[in-house]
Amino acid sequence: MIHVALMLMAAGQDVLVTTDWAYENLRNEKVRFVEVSVDPGVYEKGHLKGAVGFKWHSELCDPVSRDIVSPEKFQALCREAGISDDTTVVLYGDLNNWFACWGHWIFTMYGHRNVKLMNGGRKKWELEKRPLDLTAPKVPAGTFTAKVTHPELRARLNDVVKAVKNESPAALVDVRSPDEHNGKVFAPPGIQELSIRAGCIPGSKNIPWSKTVNEDGTFKSAEELKKLYADAGIDGKGTIITYCRIGERSSHSWFVLKMILGYDVRNYDGSWTEYGNAVGVPIENKAGTVWTGK
Amino acid sequence: MIRYGAAAAVAAVLIVSSLFLDNATAFFAACGAAFGALLQRSRLCFTAAFRDLFVLRDRRAAFGILAALAVGSVGYAAVYGLQLPGARYLPDTAHLSPAGPVVFLGGLAFGLGMVLAGGCISGNLYRLGEGSLVAPVALAGCIPGYWLAFSLWNWFYATSVSTAPVVWLPKHLGYTGAVALQLGVLGGLGALLFWKGAAAPQPAREPLDLKGALREPWPAWAGGAAIGMLATLAYLWGHPLGVTAEIGRLSRLAGAALGLVPARLEGLHRLPGCSAIGSDRRLTESGVFILSLVAGSLLSALLSGEFRIRVGKPRTYALAAAGGVLLGFGAMISLGCTVGTMLSGIMAFSLHGWIFTAALAGGAWLGTQALRRLA
């Protein structure tokens, strides 16, 4: 039932807005732009006029219990940002909207019904040389109430292990680069490995997130995306679980599969840094790279 | 005539190379060139600010630093007020680093080093543009200094840096309180200079027209005030003034290749400042900034007729090398030098900038005593 409702939601209203639409709606009081960028200082250097900035590391995550932000804290954050239940929330951010997609996932799970993503994010906005503003907005407090309305959008380690053992079938989609998937490297270039095993979750299909976007950071068309996944055997008939290293690139693919294609998808935010380090769970490691403590 | 031709060539290189850079990098190239030219024109030497004050009671350079800090503090506060209403969250890109004994030790080493070497890191960079042959020795000396500091860093981090607090004055005093306190302290120091310092000798001056401005040195306080504005602009672009990030980065890469630097330097990537974050990019904004700094100083020295190959006595080179090691060591553990930690730290209202500066004064005083013994 819930899946049907969400599918209808995805199909019935456009979850993507263009940079043109965003530019024209910067002064629209019913719209609240929220930037979720991961690089410190990006928001401060300049953002869409009137946009508030949410910090991913501290405001959308709980660094103490390695969890997503609690509903209480998220509600307070949203209210302070002037968000009510009837506000149109438009998310955007750096790095191809990775973390903005994480934001979308949290907003959707916590029951906000009118959340959109600016297609192309900061990348497209900057490519088009659109104006950036330095002032922090002053907004009256909102009244949004956060409740865990869609817990089924999140996969936990246990769900993934059950999928691997085929106790509760789900198609696993690894959105990392092929070198990470095949176990040649522990982590993407420039990042210290946070998992002591290289490789992937057994049986997972490697469909890198980068295949879902165009050069300007926008998503490919729904037809192209549908074909991309269908060619890898993901047709949306059953449950899908997306994962990457820390759950941010996988929320990008979660957005594609759930919000654009309307499939039944859960984002596994623990991702490889949890699964790859978990004791007693099997992995697949084609390259055979073994961690030697260096 | 040759020097005007050379100046035109330097300007052309700066402009043409900027055409190939993105907006932000080109902006930092311009900032670097302006910074180099301002240092050169106004003889705003951080070493002189302390050494000449202690030895000759010459207060001119010290006034320049105070002017830079006062103007930059107001500028930073203006930017903060726009971006961070209420001062509840710390600004992400400003140089706010832990205030503790390590930055004090770094300041002490740096202060001693700059007096021995006859200039700090930015001072040696602008003297390089004036044709000094001593400056490259001091700058090369920084590299083993960096290696020494890298090899001790993990111990420093575990024992002190990781637990030392980041103290951002506006968080405790509000913007008005922080600005009032900081301008009060700077004003107090200025008054002390008026009271204790010697009046500057009046140089024979050409009229203050274009020709005069090209030939005569500018007052240090004017150069300082302009640097305060430049610092504000650079911060607005998310990159506070700093000169040691690139030297640290290259030292780290070279040291790692030689096996002298630990593979993992704890906490460094999370600390703001000129923190020698390992990146294998060929060209960074910091790198462009210091190259342009040297070019800006060269351009300004050529136009004013002050460029000449300057050779030092053997003793000067030895002192420059030894001082350079202390400069590199101090800059690494303080996450910046007189620019990245003193200027950008104090302008950002960070206590660590003040601690560094107090230690810098102590180190510089030790340096003057050491030189007196050696003489």
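Everything numeric in this text was worked out from a predicted model, so none of it was measured. (Residues numbered from 1 in each chain as written. Chains lettered and ligands numbered in written order. Predicted model: local features only at pLDDT ≥ 70, side-chain atom pairs only at ≥ 80, totals over all residues. Heavy atoms only, no water.)

> So what about the overall build of chain B? Which residues, and what values?
What chain B contains, in helices and strands, is 15 helices and zero strands. Compactness check: chain B gives a C-alpha radius of gyration of 20 Å against a globular reference of 21 Å for 375 residues, within 12% of the reference. Dimensions of chain B along its principal axes, counting C-alpha atoms only, are 55 × 50 × 50 Å. Burial statistics for chain B: of 375 residues in total, 54% are counted as buried. Excluding contacts between residues fewer than 6 apart, the proportion of contacts in chain B whose partners are at least 24 apart in sequence is 86%. Here chain B holds 26 positive side-chain charges and 13 negative ones, and the gap between their average locations is 8 Å. (Helix = DSSP H or I, 4+ residues; strand = E, 2+ residues; numbered from the N terminus. Rg over C-alpha atoms; globule rule 2.2 N^0.38 Å. Buried < 20%, exposed > 50% of the residue type's maximum accessible area, 1.4 Å probe, protein only. Contact = heavy atoms within 4.5 Å. Lys, Arg positive; Asp, Glu negative; His and termini not counted. Charge placed at Lys NZ, Arg CZ, Asp CG, Glu CD.)

> Could you give an account of the overall build of chain A, with specific residues and numbers?
Counting its secondary structure elements, chain A contains twelve helices and eleven strands. For 294 residues, the compact-globule formula gives about 19 Å, and the C-alpha radius of gyration of chain A, at 19 Å, lands near that figure. Seen through its C-alpha atoms, chain A measures out along the principal axes to roughly 55 × 45 × 35 Å. Within the span of chain A, comprising 294 residues, buried residues form 53% of the whole. Long-range pairs, those at least 24 residues apart, make up 77% of the contacts in chain A between residues at least 6 apart in sequence.

> Which residues make up the interface of chain B and chain A, and what values go with them?
Each partner contributes residues to the interface: chain B has eleven residues there, and chain A has eleven residues. Taking both partners together, chain B and chain A bury about 1100 Å²; carbon and sulfur atoms supply 52% of that area. Of all residues in chain B, B:L82, B:Q83 and B:D92 give up the largest surface area on contact with chain A, accounting jointly for 44% of the area buried on that side. Scanning the region where chain B abuts chain A turns up one salt bridge. Across the pair A:K55 and B:D92 runs a salt bridge, and its minimum N-O distance is 3.2 Å. At the boundary of chain B and chain A, one finds four residue pairs in polar contact (both at pLDDT 80 or more). (Buried area = accessible area lost by both parts, 1.4 Å probe. Salt bridge = Lys/Arg side-chain N within 4 Å of Asp/Glu carboxyl O. Polar contact = N/O pair within 3.5 Å; in protein donor to acceptor, adjacent residues only side chain to side chain.)

> Quick one: what's the story with the sheet that holds strand 3 (residues 52-53) of chain A, residue by residue and with numbers?
Residues and elements named next belong to chain A. With parallel pairing, five strands are arranged side by side in an open sheet as 1-7-6-2-3. Each edge of the sheet is formed by a strand with only one pairing partner; in this case those strands are strand 1 (16-17) and strand 3. Sheet analysis places strand 2 (residues 31-35) next to strand 6 (residues 88-92), joined by five bridges and oriented parallel. Paired with R32 across the bridge in strand 6 is V89. Strands strand 6 and strand 7 (115-118) of the sheet are contacted by helix 6 (residues 94-109), whose axis makes an angle of about 175° with strand 7. (Pairing = 2+ DSSP bridges. Axes fitted to C-alpha atoms, helices over the stretch in contact; angles between N-to-C directions.)

> Describe the sheet that holds strand 11 (residues 265-267) of chain A, naming the residues involved and giving the relevant values.
Residue and element names in this part refer to chain A. Here we have four strands laid out as an open sheet, ordered 9-8-10-11, and parallel in their pairing. Lying at the two open borders of the sheet, with one neighbouring strand each, are strand 9 (205-206) and strand 11. Relative to strand 9, strand 8 (residues 171-174) runs parallel, the two being bridged by two bridges. Of the residues in strand 9, the one forming a bridge with D174 is N206. Of the strands in this sheet, strand 8, strand 10 (240-243) and strand 11 touch helix 8 (residues 157-164), which is tilted by about 120° from strand 10. Packed onto the sheet, helix 11 (residues 248-260) meets strand 10 and strand 11 and runs at close to 165° relative to strand 11.

> Go over the packing of aromatic side chains, please, and point to the residues and values.
Residue and element names in this part refer to chain A. Per the stated rule, a full pass over the model turns up 27 aromatic pairs over all chains. Between W56 and F99, the ring centres sit 4.8 Å apart and the planes meet at 70°, which makes this aromatic pair edge-to-face. Residue W56 is located in helix 4 (residues 56-59), and its partner F99 is located in helix 6; the two are separated by 43 residues in the primary sequence. The exposure class of W56 is buried, given its relative accessible area of 8%. Pairing F219 with F255 gives two aromatic rings, centres 5.5 Å apart and planes at 15°, and the pair type is stacked. One end of the pair, F219, is in the loop between strand 9 and helix 10 (222-231); the other, F255, is in helix 11, and 36 residues separate them in sequence. (Phe/Tyr/Trp six-rings, centres within 6.5 Å; stacked < 30°, edge-to-face > 60°.)

> I'd like to hear about the environment of B:A222, residue by residue, with values.
Here B:A222 shows up in helix 10 (residues 220-236). For the pair B:A222 and B:V115, spaced 107 residues apart in the sequence, the C-alpha separation amounts to 24 Å.

> Provide a residue-level description of the pairing of strand 6 of chain A, including the pertinent values.
Of all five residues making up strand 6 of chain A, five are buried, and the element is well covered by its neighbours. Taking every second residue as pointing to the same face, both faces of strand 6 of chain A are buried, with A:T88, A:V90 and A:Y92 on one and A:V89 and A:L91 on the other.

> Give me the lowdown on the environment of B:F104, citing residues and values where you can.
Residues and elements named next belong to chain B. Here F104 lies in helix 5 (residues 101-117). Separated by 253 residues in sequence, F104 and T357 place their C-alpha atoms 8.3 Å apart. When sequence neighbours within four positions are dropped, the list of residues in contact with F104 reads I355 and A359.

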